[in-house]
Amino acid sequence: MSVKRVLTVRQVLMGRLQRGDDLLMSLTEVCKAQGITLGQVRAIGAVEQAVFGSYDQQSWQYIFLTVDRPLELLSLIGNISQRDGDTVIHAHVVMSDEECNTCGGHLAEGTRVFACEYVIEEFFGSDLQRARDEQTGLPLWKG
Ligand code: ZN
């Protein structure tokens with residue numbers, strides 16, 4: 001069964017994180033501090049260290065990679081919804097190294113900001129709730 005919402009934008013926040021912040025945790029904290037439970041987030045900048053991964057569709061587990069060197073944050077795009085009563089951001093990133101080689105994946109905690117400018121859009125509407133999906137093992141939107 002598909003899940004969808006028709007939404008309108010309530011407000012748009014623009015801001016930046018501080019050097020040393022955890023990218024995923026800090027963006028989540030911004031949402032919680034503003035009471036944003038439904039929306040989307042985009043960001044650009046640079047990181048000192050990155051942790052991202054991909055979902056193994058056979059084992060139903062994330063495989064994470066830590067890149068312990070400076071990378072340019074070319075693009076972060078994600079959504080804001082609810083899981084077990086908590087606000088969560090599901091974000092994917094594309095990054096590049098000093099030779100402009102790109103890498104990326106599902107953003108995890110442990111990505112340390114060098115500089116980051118973000119835009120968060122809050123939506124009007126009923127929250128989307130995440131719950132474990134039996135076909136994928138992922139915590140997907142259930143309604
Ligand atoms: Zn993902």
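Everything in this summary refers to the structure shown in the same document.

Another aspect to go through is the coordination of the zinc ion. Distances from the zinc ion to its protein donors, His90 (NE2), His92 (NE2) and His106 (ND1), fall at 2.1 Å. Written as a sequence motif, the donor arrangement for the zinc ion is H-x1-H-x13-H. Assessed through its relative accessible area of 27%, histidine 90 is described here as partly exposed. For histidine 92, a relative accessible area of 41% puts it in the partly exposed group.

On to the pairing of strand E4 (residues 71-83). Note: strand E2 (residues 39-56) against E4, eight bridges, orientation antiparallel. In the strand pairing of E4, arginine 42 is matched with isoleucine 77. Relative to strand E5 (residues 86-96), E4 runs antiparallel, the two being bridged by 11 bridges. Within the sheet, the bridge partner assigned to glycine 78 lies in E5 and is alanine 91. Hairpin connection from E4 to E5: two residues lie between these consecutive antiparallel strands, with aspartate 84 at a positive phi of about 55°.

Our focus in this paragraph is the pattern of salt bridges. Inspection of every chain in the model, using the stated rule, returns nine salt bridges. Glutamate 48 serves as the salt-bridge partner of arginine 112, at 2.8 Å between the closest nitrogen and oxygen. With a gap of 64 residues between them, arginine 112 in strand E7 (residues 112-124) and glutamate 48 in strand E2 connect regions that are remote in the sequence. A relative accessible area of 32% places arginine 112 in the partly exposed class. Of the residues examined, glutamate 48 reaches a relative accessible area of 17% and is grouped as buried. Members of the salt-bridge network, linked through shared partners, are Arg19, Glu48 and Arg112.

With a phi angle near 60°, tryptophan 60 is a residue other than glycine that sits in the positive phi range. Considering the arrangement of structural elements, one finds tryptophan 60 in the loop between E2 and strand E3 (61-67). The phi angle at cysteine 100 is positive, at roughly 65°, despite the residue not being glycine. Within the element layout of this structure, cysteine 100 appears in the loop between E5 and strand E6 (102-107). Look at cysteine 100 and you get exposed, because its relative accessible area is 60%.

Tracing the backbone shows alanine 91 in strand E5. Looking at alanine 91, the relative accessible area reads 2%, which means it is buried. As for alanine 91 and isoleucine 80, which are separated by 11 residues in sequence, their C-alpha atoms are 8.8 Å apart. Apart from residues lying up to four places away in sequence, alanine 91 is in contact with Leu76, Ile77, Gly78, Gly105, His106 and Leu107.

Quick notes on the rules
- Residues numbered from 1 in each chain as written.
- Predicted model: local features only at pLDDT ≥ 70, side-chain atom pairs only at ≥ 80, totals over all residues.
- Heavy atoms only, no water.
- Donors = N, O, S within 2.8 Å, 3.2 Å for Na, K, Ca; no water.
- Buried < 20%, exposed > 50% of the residue type's maximum accessible area, 1.4 Å probe, protein only.
- Pairing = 2+ DSSP bridges.
- Helix = DSSP H or I, 4+ residues; strand = E, 2+ residues; numbered from the N terminus.
- Salt bridge = Lys/Arg side-chain N within 4 Å of Asp/Glu carboxyl O.
- Contact = heavy atoms within 4.5 Å.

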